[in-house]
Amino acid sequence: MSSQFGLALHVSLFGQSHGTAVGAVIDGFPAGLLIDQGMLSMEMNRRRPGSSALTTSRNEEDKVEFLSGVFRERTTGQPICLIIRSKDMHSEDYGEILDCVRPSHADYTGHIRYYGFEDFRGGGSFSGRLTAPLVAAGELCRQWLSLQGVRIESHIRRIGNVWDTSLESVQENDDLSGLRTEQIPVIDKNVAALMKQEVAECAGRGDSVGGMIEGRIVGLPAGLGAPFFDSVESELSHLFFSVPGVKGVSFGSGFSLSGMHGSEANDCFRYDGNRIVTVTNHSGGINGGITNGMPVLYTCAIRPTPSIGKEQKTVSLRTHQETVFSIKGRHDPCIVIRAAAVMDAMTAIGILDLWKERAACVHS
């Protein structure tokens with residue numbers, strides 16, 4: 001398992017879905033941050049299972065415990081080790097992985113990759129449960145970045161066939177931080193009920209539905225990132241694709257750029273006082289892999305939850321026969337709702353890493 005990420009900020013992840021706890025170690029975090037425990041708890045609740053009728057009924061408190069790196073509520077500059085204990089596990093719902101490998105899960109590939117020694121309960125190391133410590137780590141990063149004037153904002157762009165207004169039509173100075181307090185974070189409040197209905201109808205059929213998260217990073221200076229392998233797009237895409245269920249990532253106008261002419265797609269420069277800005281932002285605030293000072297815009301496509309109650313065809317690794325089964329246990333009919341907090345966290349981790357890497361270049 002590749003459990004570490006980062007150039008200048010290193011985040012290590014550990015734990016399994018039905019283990020005693022999941023956690024993370026953050027090495028290279030700046031000293032002196034006074035942790036806002038209220039904001040940390042709010043972000044954990046955004047991701048927490050059992051928080052609404054639209055999510056899995058697995059009910060975990062998701063309280064963050066700091067084992068090191070925090071003293072008197074402030075970060076010390078030493079490695080931060082945090083854990084989140086797990087209590088509400090129903091391992092009996094999963095039986096033996098050899099009996100039926102679940103379609104579109106990592107049961108089969110994980111079994112092959114780890115020679116049959118994997119912890120398969122609840123998906124083990126492949127489970128979305130491991131996004132809990134990532135949200136905790138990311139919230140610390142977001143709090144530090146907010147002190148530098150950086151805002152990380154996101155909303156649900158789509159659930160099924162229900163679409164919200166795009167961030168491309170929202171002004172840079174419009175503060176969208178209030179979306180973090182909403183169960184269905186959308187710009188157009190009229191679509192929230194339609195999205196809830198879409199999820200409820202799928203759940204009623206024993207099915208699931210996917211969607212999109214759209215986010216932006218406002219207040220970044222120009223100059224973060226690098227060409228090719230350490231570009232802003234490379235860094236953030238690496239983190240986004242690490243989240244279970246994410247199957248597509250784009251920046252700015254994304255795939256729409258493939259149908260444009262250069263005269264339409266190019267973002268012309270102008271002065272706004274002493275600040276250099278672009279007239280449009282089709283490139284999503286990034287040129288040559290480096291931030292240009294405009295808001296960084298991204299969209300993540302998230303697949304429907306593969307755990308559904310409908311009967312599906314699969315195989316038994318024990319009998320080597322084809323079979324039919326339906327998945328038991330407690331599962332989200334739509335993981336997009338809880339994914340918004342996760343994408344915000346991954347964004348914050350990536351940006352703080354790039355920020356520290358840039359600072360190291362200046363002072364080296």
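Residues numbered from 1 in each chain as written. Predicted model: local features only at pLDDT ≥ 70, side-chain atom pairs only at ≥ 80, totals over all residues. Heavy atoms only, no water.

Bringing the overall build of the protein into the picture now. If you tally the helices and strands in the protein, you get 7 helices and 18 strands. Computed over its C-alpha atoms, the radius of gyration of the protein comes to 21 Å, within 12% of the 21 Å expected for a compact globule of 364 residues. Counting only C-alpha atoms and orienting by the principal axes, one finds that the protein spans roughly 70 × 50 × 35 Å. The buried share of the protein, reckoned over its 364 residues, is 51%. Long-range pairs, those at least 24 residues apart, make up 71% of the contacts in the protein between residues at least 6 apart in sequence. For the protein, the accessible surface area stands at approximately 17,000 Å², while carbon and sulfur atoms represent 52% of it. Taking the average place of the 34 positive charges on the side chains of the protein and the average place of its 41 negative ones, the gap between the two points comes to 3 Å. (Helix = DSSP H or I, 4+ residues; strand = E, 2+ residues; numbered from the N terminus. Rg over C-alpha atoms; globule rule 2.2 N^0.38 Å. Buried < 20%, exposed > 50% of the residue type's maximum accessible area, 1.4 Å probe, protein only. Contact = heavy atoms within 4.5 Å. Areas by Shrake-Rupley, 256 points an atom, 1.4 Å probe, with all protein chains shown as cover. Lys, Arg positive; Asp, Glu negative; His and termini not counted. Charge placed at Lys NZ, Arg CZ, Asp CG, Glu CD.)

Now for the nonpolar core. Grouped together as the largest cluster of nonpolar side chains are 71 residues, with contacts concentrated most on Ile 26, Phe 29, Leu 145, Ile 156, Ile 159, Phe 240 and Ile 349. Here this core takes 14 residues from helix H7 (residues 336-363), the largest share from any one element. (Core = buried A, V, L, I, M, F, W, Y, C linked by side-chain atoms within 4.5 Å.)

Bringing helix H1 (residues 37-47) into the picture now. Structural remark: α-helix, 3.6 residues per turn; residues separated by three or four positions point the same way. When we look at burial in H1, the residues that qualify are Leu 40, Glu 43, Met 44, Arg 46 and Arg 47. Down the axis, H1 shows its buried residues gathered within 155° of arc, on one side only. The distance from a side-chain oxygen at the start of H1 to the backbone nitrogen of Gly 38 is 3.1 Å, and the residue carrying that oxygen is Asp 36. (Arc of directions from axis to C-beta. Polar contact = N/O pair within 3.5 Å; in protein donor to acceptor, adjacent residues only side chain to side chain.)

Here we come to the sheet that holds strand S4 (residues 64-68). Pairing is antiparallel in the open sheet, where 5 strands are placed in the order S1-S2-S3-S7-S4. On the outer flanks of this sheet lie strand S1 (4-5) and S4, each paired with one strand and no other. (Pairing = 2+ DSSP bridges.)

This part takes up unusual backbone geometry. In this model, Tyr 115 sits at a positive phi of 60°, which is unusual for a non-glycine residue. Turning to its location among the elements, Tyr 115 is positioned in the loop between helix H2 (107-113) and helix H3 (131-147). We classify Tyr 115 as exposed; its relative accessible area is 69%. Residue His 320 is not a glycine yet carries a positive backbone phi of 60°.

Within a sheet, adjacent strands bond to each other through the backbone by hydrogen bonds, running parallel or antiparallel. The sheet built from 5 strands is open, its strands ordered S9-S8-S10-S16-S11 with antiparallel pairing. With one partner strand each, in any of the chains shown, strand S9 (162-163) and strand S11 (246-251) form the two edges of the open sheet.

Residue placement: His 238 occurs in helix H5 (residues 232-240). Judged by its relative accessible area of 46%, His 238 is partly exposed. Expressed as a C-alpha distance, the spacing of His 238 and Met 346, which sit 108 residues apart in the sequence, is 9.4 Å.

With that settled, consider the packing of aromatic side chains. The relative placement of two aromatic rings is captured by the distance of their centres and the angle of their planes. Inspection of the entire model under this criterion finds 2 aromatic pairs. Centre to centre, the rings of Phe 240 and Tyr 298 are 4.6 Å apart; their planes meet at 35°, and the pair counts as tilted. Of this pair, Phe 240 sits in helix H5 while Tyr 298 is found in strand S16 (residues 296-302), placing the two residues 58 residues apart along the sequence. The pair formed by Phe 240 and Tyr 298 is uniform in burial state, with each residue classed as buried. (Phe/Tyr/Trp six-rings, centres within 6.5 Å; stacked < 30°, edge-to-face > 60°.)

Residues Phe 269, Tyr 271 and Ile 276 make up a contiguous nonpolar surface patch of roughly 380 Å² in combined accessible area. One can find Phe 269 in strand S12 (residues 269-272). (Patch = residues over 30% accessible without salt bridge, like charges linked within 9 Å, V, L, I, M, F, W, Y side chains within 5 Å. Salt bridge = Lys/Arg side-chain N within 4 Å of Asp/Glu carboxyl O.)

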